[in-house]
Amino acid sequence: MADTALTAPLRSPLSHAADRLAAATRTSGGAVRLAELPFLTQIDVRLDPKGTAADAVGLALGLQLPLEPGTVVRAGELTALWLGPDEWLVVGPPGGGRGLENRIREAAGDEPVSVVDVSAQRTTLLVAGPRARDLLAHGCSLDLHPRVFGPGRCAQTTLGRTQVVLVARDDPRAGFWVLVRSSFAGYLTDWLLDAAVEWTG
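Let me sum up the structure you'll find in this document.

Scoring rules and cut-offs
- Residues numbered from 1 in each chain as written.
- Predicted model: local features only at pLDDT ≥ 70, side-chain atom pairs only at ≥ 80, totals over all residues.
- Heavy atoms only, no water.
- Helix = DSSP H or I, 4+ residues; strand = E, 2+ residues; numbered from the N terminus.
- Buried < 20%, exposed > 50% of the residue type's maximum accessible area, 1.4 Å probe, protein only.
- Contact = heavy atoms within 4.5 Å.
- Pairing = 2+ DSSP bridges.
- Axes fitted to C-alpha atoms, helices over the stretch in contact; angles between N-to-C directions.

Let's shift gears to the environment of L100. Along the polypeptide, L100 turns up in helix α4 (residues 97-108). Taking relative accessible area as the criterion, L100 reaches 5% and is therefore assigned buried. A sequence separation of 35 residues divides L100 from L65, and the C-alpha atoms of the two residues are 14 Å apart. With sequence-adjacent residues up to four places away left out, L100 is seen in contact with T41, I43, L61, L78 and V90.

Next up, the structure:
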């Protein structure tokens, strides 16, 4: 019994909605693209941005932790999101949590640092396409105009009454990441599909 549990394939929070998301993408004629990006590694990091650990961690990750509020830095497969004056979310490809966590801890050395793998807390929805901003604007109070919330910006906000981390990807064509707690992912997916009916219905 225990062996079966250990070898069972992972099931993402939105695996049941994959067909509906794909159908909405098809029927929109390219206006919106909706998909889950499951199992992304997400590491919450807290440290003194003015301490030596910040530079050391940045070198270990191959990117500088962003210091400007609401900004994103990307290098290779890693993306660092500014969440607060001393807090970042480092996002990477699936399956890299343990290695990434260890790299950050080792780089920080004896400096005070908090490193927590929060990958299981959230899943990620991709919202892209020419009408992506219009779709998100239906339920988000942020000004999503590209001059205000353009590539390289992120924010903790609400979308359809759900707490999310919203990320404008570095290429406008890449759309947005919507990081949402797994327990609310189904609700938010239903909300997005309902809001997208203007282009998919």
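Next comes the rest of the write-up.
Of all residues except glycine, most have a negative phi; of all peptide bonds, most are trans. Despite not being glycine, F39 has its phi angle at roughly 65°, a positive value. As for its placement among the helices and strands, F39 is situated in the loop between β1 (33-37) and β2 (41-47). Positive phi outside glycine occurs at R161, with the angle close to 65°. When you line up the elements, R161 lands in the loop between β8 (154-159) and β9 (162-168).

Quick look at the sheet that holds β8 now. As summarised here, the arrangement of the five strands in space is β1-β7-β10-β9-β8, forming an open sheet in which the pairing is antiparallel. Each edge of the open sheet carries a strand with a single partner, namely β1 and β8. Averaged over all pairs of adjacent strands, the angle between their axes in this sheet comes to 30°, without regard to strand direction. Strands β1 and β7 (122-128) of the sheet are contacted by helix α2 (residues 18-27), whose axis makes an angle of about 155° with β1. Relative to the sheet, helix α6 (residues 182-195) contacts β1, β7, β8, β9 and β10 (176-181), its axis offset from that of β10 by approximately 135°.

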